[in-house]
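Listed here are the chains, written in short residue letters.
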There are 2 protein chains.
Amino acid sequence: MDKQKNAIPRVIIIGGGFGGVQLAKKLKNAPVEVLLLDKHNYHTFQPLLYQVATGAIEGDSIGFPIRRIFSRQKNFTFHLAEVQKIDTANNTVETNVGSYAYDYLVIATGANTNYFGNKELERNTMPMKNVAEALNVRSLILQNLEKALVTTDKTERDALLTFVIVGGGPTGVELAGAISELREFILCKDYPGLCNADMKVYLVEGKAELLAAMSPQASLKAKKFLTDMDITIYNSVHVESYNGFLLKIDDGTTINTRNVFWAAGVRGEVPTGMPEEAVVKGGRLQTDEINRVKGFDNVFAIGDVAAVVTGQNPAGFPGVAQVALQQGKHLAKNISNLIKGQPTTPFTYTDLGTMATIGRNKAVADLHKLRFQGFFAWLLWMFVHLMSLAGFSNKAIVFFNWAVNYLTRNSDNRLIIHYFKTDTMELDPVAR
Amino acid sequence: MDKQKNAIPRVIIIGGGFGGVQLAKKLKNAPVEVLLLDKHNYHTFQPLLYQVATGAIEGDSIGFPIRRIFSRQKNFTFHLAEVQKIDTANNTVETNVGSYAYDYLVIATGANTNYFGNKELERNTMPMKNVAEALNVRSLILQNLEKALVTTDKTERDALLTFVIVGGGPTGVELAGAISELREFILCKDYPGLCNADMKVYLVEGKAELLAAMSPQASLKAKKFLTDMDITIYNSVHVESYNGFLLKIDDGTTINTRNVFWAAGVRGEVPTGMPEEAVVKGGRLQTDEINRVKGFDNVFAIGDVAAVVTGQNPAGFPGVAQVALQQGKHLAKNISNLIKGQPTTPFTYTDLGTMATIGRNKAVADLHKLRFQGFFAWLLWMFVHLMSLAGFSNKAIVFFNWAVNYLTRNSDNRLIIHYFKTDTMELDPVAR
């Protein structure tokens, strides 16, 4: 639609996650025009998706309209658009609502669930990478409890009451903990008919330990917390297949279940048009130390979709919000420098630490040398996540929910509403 | 599934709206077993749907899990079930999860959108009778603003920026007012590119006045409020057709629009199996003065699906929450009386008054002889609605949202997420 170049250089950012939003903010005073494209009109605070999935907080509280974030930034434009292709030869992004010319392109598309090519697992397990998926997880859990109450088939009832989380990273650990707390605090209150039923929670992880990116202390303590909460943990095994009824693990174990949640891996969302040779392990775009994609002068990648590959850093940085935020901030400076003809500076990652929460009063935290677990880690986890949420209202509402949940061991958000899973934007006149 | 009768009489209530929930609560100490069936697991506070549709409050805040309401009521059971048929000959309700025998049956299924048989209008306009539909309205409004920003076709842009509300009852008036406020307070902030665009809001009503059930003062003042907010009102006309692009009105007017919201009528949701001869005007079940359905001894109807037809009351009571609440409460007593062999008492409706809100500081209220409009009506409207919401958390969160909206003239809830419109419960193993 606009093939014309402007006098002021245009930076197109694809993706309104942690990296894209941070970059756009930090370009506020740069001599550029910023155009942010996203297929959703909101930024998602992914670290709290598991709480939406288990009914602790509302879905709306972890989404924040992108336009709201930037309503006072003069050099910023947002378009709701699904990117179809990047035409690097012509410096153009093609989308479902038109084509856009760029001077600088930043790919900040993040990562999506990785099924490692297994279509059966993709079809039959539930992912949890956005608000709609988290709300679908919530509906599935609640719906299967409802079905368990009315079914007369014992095998089916057991399967409906068996919850398997695949993946022992932060998402899997947090989801397993939250489902176990549903069992502990909610089952007897809301489903008296299931109070004495044997609801089972399994956590299946390929590595020898949980939270493998954290310290051995954190991994061990997390495992102890989860085991104490009556979660059965399988380490060093892989899921072979799941047909919607029977989950097979490669050590010969089979689990009869209707609820399988997939948190076992992510893969970079590389847009069509980017060359194969720029894509490395995990579907990420290989970049140099200023986040410039291999083979390009004016195309960059930040966050989960980027792998900053250098001699000291052959595997790229971990796919966490802090990396995206820091890369967004740093790239804003480097783009300004490039425009002014000044030298760029290499990105360095400052690891502020890692945390994961397992349940009420239970979390693990690694802050450099300082490693601690339990109540204080849990308090710190809550404080850090609350402060990171976009917007005063979201902070206040999540805080209120947490306070009520803590005091009453209950919440009001267990509604079964089905959401479209599709990532494609509905473009029919009437969106039903 | 359970064809057996119990020693204690079983009351089956179909529908967890205002009437059904109130009845179940009031049967707490009655010598009965209460089974509530609903296709949703939550009670919906319908009067605030329009605020969800316009992003003022979260969808979750006006839904409240039915199990939560009754977690301490010993004689109460809830089953998530879609009623397929009522077999009055065998005193049985057939559902998608099994059959249930009843001693007393209460139909409290409410009303759904009435298109008066017009399939084209049903397909192309948006209803707003439940949380999912309200969230779809929200998505459509926001999505069409996004599209208006990027389209290059002037006619299409005008159509995307034209909003037509059909129906001048409380729902239509409140929705029109809220969309007009989106235009006034949000358009320039969030969509600078549309700030000078000519966004239009129309309200189309078949009767000669708006809010026809209220006093002439209220009707006139509501019309003045809406006109002052730059809403074009058509009275005494009917929508003939709408093909998704062009709306035709029977006075010859045509409107080029992509947004048509249907609030022009409701129809009782009579379950299959109820005899034709019991159904009267508006698709409601004709009942006697103790809400017993015509032709039955042990089948009752309350709320929007019921028309209490007596000599003085040939058209039934209005379809408002107060009627349902009062009928629920009254029927609880009469069912207890019937069981104990005591005489029943006829239902009488105490009209506590009617209110409708048009916008910031603007509402109309009829409380018997006391009729007032403006700021105090608006304060009273807020107070009454807040107090009527189920649950402390919902009250607190809606109050917080209102306070923030009032102070900032903005909200954080404008997320585009698509919802399944289907009312049928998804019963596949994986609910996507």
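All figures in this text were calculated on a predicted structure; none of them were measured in a lab. (Residues numbered from 1 in each chain as written. Chains lettered and ligands numbered in written order. Predicted model: local features only at pLDDT ≥ 70, side-chain atom pairs only at ≥ 80, totals over all residues. Heavy atoms only, no water.)

Asks: Quick question: what am I supposed to make of the packing of aromatic side chains here?
Replies: Each pair of aromatic rings is reported with the distance of its centres and the angle of its planes. Taken as a whole and assessed by the stated rule, the structure comprises 24 aromatic pairs over all chains. Centroid distance Trp381 of chain B to Trp402 of chain B: 5.7 Å. Interplanar angle 35°. Geometry classified as tilted. With Trp381 of chain B in helix H10 (residues 375-388) and Trp402 of chain B in helix H11 (residues 392-408), the pair connects residues that are 21 residues apart, well separated along the chain. According to the relative accessible area criterion, Trp381 of chain B is buried, its value standing at 1%. Counting every residue linked through ring pairs, the aromatic cluster contains Phe375, Phe376, Trp378 and Tyr406 of chain A. Sitting over the face of the ring of Tyr406 of chain A, Arg360 of chain A holds its NZ or CZ atom 4.1 Å from the ring centroid. Just above the ring of Phe185 of chain B sits the side chain of Arg360 of chain B; from NZ or CZ to the centre is 5.7 Å. (Phe/Tyr/Trp six-rings, centres within 6.5 Å; stacked < 30°, edge-to-face > 60°. Helix = DSSP H or I, 4+ residues; strand = E, 2+ residues; numbered from the N terminus. Buried < 20%, exposed > 50% of the residue type's maximum accessible area, 1.4 Å probe, protein only. Lys NZ or Arg CZ within 6 Å of the ring centre and 35° of its normal.)

Asks: Explain the packing of helix H1 (residues 18-26) of chain A against helix H9 (residues 321-340) of chain A to me, please; I cannot follow it from the model alone.
Replies: In a packed pair of helices, the relevant descriptors are the angle between the two axes and the axis-to-axis distance. Residue and element names in this part refer to chain A. Between H1 and H9, the least distance of the axes is 7 Å, while the angle of their chain directions is 25°. It follows from the interaxial angle that H1 and H9 lie roughly parallel. Once H1 is placed against H9, the crossing between them reads as right-handed. The segment H1 lies against H9, with Phe18, Gly19, Gln22, Leu23 and Lys26 engaging Ala321, Ala324, Leu325, Gly328, Lys329, Leu331 and Ala332. Along the lines of polarity and charge, the residues of the contact of H1 with H9 split into 7 nonpolar, 3 polar and 2 charged. (Axes fitted to C-alpha atoms, helices over the stretch in contact; angles between N-to-C directions. Parallel < 35°, antiparallel > 145°, perpendicular 65-115°, else oblique. Left-handed = near helix turned anticlockwise from the far one by under 90°. Contact = heavy atoms within 4.5 Å. Nonpolar A, V, L, I, M, F, W, Y, C, P; charged D, E, K, R; others polar.)

Asks: Mind showing me how you'd approach the interface of chain B and chain A here?
Replies: The parts lose accessible area when they come together, and the size of an interface is often stated as this lost area. Contact residues are listed per partner, giving 68 residues for chain B and 68 residues for chain A. In total, chain B and chain A occlude about 6200 Å² of area from one another, counting both sides; carbon and sulfur atoms represent 58% of this. Inspection of the chain B/chain A interface yields 6 salt bridges. Between Asp412 of chain A and Arg68 of chain B there is a salt bridge whose closest N-O contact spans 2.6 Å. If you list the elements that add at least two residues to the side of chain B that touches chain A, you get strand S4 (63-65), helix H3 (66-69), strand S5 (76-80), helix H4 (119-124), helix H5 (131-150), helix H7 (170-190) and H11 of chain B. Among the elements that make up the side of chain B that touches chain A, the one with the highest residue count is H5 of chain B (11 residues). When grouped by side-chain class, the residues that make up the side of chain B that touches chain A number 32 nonpolar, 18 polar and 18 charged. (Buried area = accessible area lost by both parts, 1.4 Å probe. Salt bridge = Lys/Arg side-chain N within 4 Å of Asp/Glu carboxyl O.)

Asks: Help me understand the relation of the copies chain B and chain A in this model?
Replies: Both copies of the chain are tied together by a single rotation about an axis and a shift running along it. If you rotate chain B by 180° and push it 0.0 Å along the axis, it lands on chain A with an RMSD of 0.0 Å. On the angle and the small slide along the axis, the relation comes out as a two-fold axis. Both copies contact each other with a shared surface, as 100% of the interface residues of chain B are interface residues in chain A too. (Least-squares fit on C-alpha atoms with pLDDT ≥ 70 in both.)

Asks: Sorry, what's going on with the sheet that holds strand S24 (residues 362-367) of chain A here?
Replies: Sheets are built from strands that pair by backbone hydrogen bonding, the pairs being arranged parallel or antiparallel. Residue and element names in this part refer to chain A. Across the sheet, which stays open at both edges, the 3 strands sit in the order S23-S24-S25 with antiparallel pairing between neighbours. A strand with exactly one partner marks an edge of an open sheet, and here the two such strands are strand S23 (354-359) and strand S25 (370-373). On average, adjacent strands in this sheet sit at an angle of 5° to one another, irrespective of strand direction. Pairing analysis gives 5 bridges linking S23 to S24, with the strands arranged antiparallel. Bridge pairing in S24 links Thr357 to Ala363. The sheet strands contacting helix H10 (residues 375-388) are S23, S24 and S25, and the helix crosses S23 at an angle near 110°. (Pairing = 2+ DSSP bridges.)

Asks: Just checking my understanding: could you explain the state of the cysteines for this structure?
Replies: Note: disulfide means a covalent bond formed between the sulfur atoms of two cysteine side chains. Residues and elements named next belong to chain A. Per the stated rule, a full pass over the model turns up 2 disulfides over all chains. Cys188 shares a disulfide with Cys195; S-S distance 1.9 Å. Its S-S torsion of approximately 80° makes the covalent link between Cys188 and Cys195 right-handed. (Disulfide = S-S within 2.5 Å.)

Asks: Explain the packing of H10 of chain B against H11 of chain B here, please?
Replies: Residue and element names in this part refer to chain B. As a packed pair, H10 and H11 sit with axes 9 Å apart at the nearest point and diverge in direction by 155°. When the axes of H10 and H11 are compared, the pair comes out roughly antiparallel. Residues Phe375, Trp378, Trp381, Met382, His385, Leu386 and Met387 of H10 lie in contact with H11, whose contacting residues are Lys395, Val398, Phe399, Trp402 and Tyr406. When its residues are assigned to classes, the contact of H10 with H11 shows 10 nonpolar, 1 polar and 1 charged.

Asks: Would you explain the pattern of salt bridges in this entry?
Replies: Two side chains carrying opposite charge are able to pair once their charged atoms lie near each other. Following the criterion strictly, the structure yields 22 salt bridges over all chains and no others. Salt-bridge contacts for Arg258 of chain A lead to Glu156 of chain A; the nearest nitrogen and oxygen are separated by 3.2 Å. Residue Arg258 of chain A is found in the loop between strand S16 (254-256) and strand S17 (259-262), and its partner Glu156 of chain A is found in helix H6 (residues 154-160); the two are separated by 102 residues along the sequence. For Glu33 of chain B, the salt bridge identified is with Arg10 of chain B, shortest N-O distance 3.1 Å. With a gap of 23 residues between them, Glu33 of chain B in strand S2 (residues 33-38) and Arg10 of chain B in strand S1 (residues 10-14) connect regions that are remote in the sequence. Relative accessible area serves as the criterion here: at 7%, Arg10 of chain B is assigned to the buried category.

Asks: What's the story with the sheet that holds strand S20 (residues 284-287) of chain A in this structure? I'm lost.
Replies: Residues and elements named next belong to chain A. Judged by pairing direction, the sheet is mixed, and its 3 strands sit side by side in the order S19-S20-S22 without closing on themselves. Of all the strands in the sheet, just strand S19 (279-280) and strand S22 (306-308) have a single pairing partner and so form its edges. Pairing of S19 with S20 involves 2 bridges; the strand directions are antiparallel. Residue pairing in the sheet places Val279 in a bridge with Leu285 of S20.

Asks: Could you clarify how one ought to interpret the pairing of strand S13 (residues 231-234) of chain B in this entry?
Replies: Strand residues, when the strand is regular, have side chains that alternate between the two faces of the sheet. Bridge count between strand S12 (residues 200-204) of chain B and S13 of chain B: 4 bridges; the pairing is parallel. Across the sheet, Val201 of chain B pairs through a bridge with Ile231 of chain B, a residue of S13 of chain B.

Asks: I keep staring at the domain arrangement of chain A and nothing clicks. Help me out?
Replies: Residue and element names in this part refer to chain A. Split into domains, chain A comes out as domain 1 (10-112 + 267-340) and domain 2 (119-264). Each of domain 1 and domain 2 has a C-alpha centre, and these two points are 32 Å apart. Taken together, the contact pairs 14 residues of domain 1 with 14 residues of domain 2. Taken together, both faces of the contact between domain 1 and domain 2 bury some 1200 Å²; the carbon and sulfur share is 68%. Three residues, Tyr50, Ala53 and Thr54, lead the burial of domain 1 against domain 2; their summed loss comes to 42% of the area buried on that side. On inspection of domain 1 and its partner domain 2, the count reaches 0 salt bridges. Where domain 1 touches domain 2, the interface holds 2 residue pairs in polar contact (both at pLDDT 80 or more). Going through the elements one at a time, strand S3 (42-44), helix H2 (49-53) and strand S10 (111-113) are the ones with two or more residues in the side of domain 1 that touches domain 2. For the side of domain 1 that touches domain 2, the element with the highest residue contribution is H2, accounting for 4 residues. Here the side of domain 1 that touches domain 2 is composed, by residue class, of 8 nonpolar, 6 polar and no charged. (Domains from an automatic or database assignment. Polar contact = N/O pair within 3.5 Å; in protein donor to acceptor, adjacent residues only side chain to side chain.)

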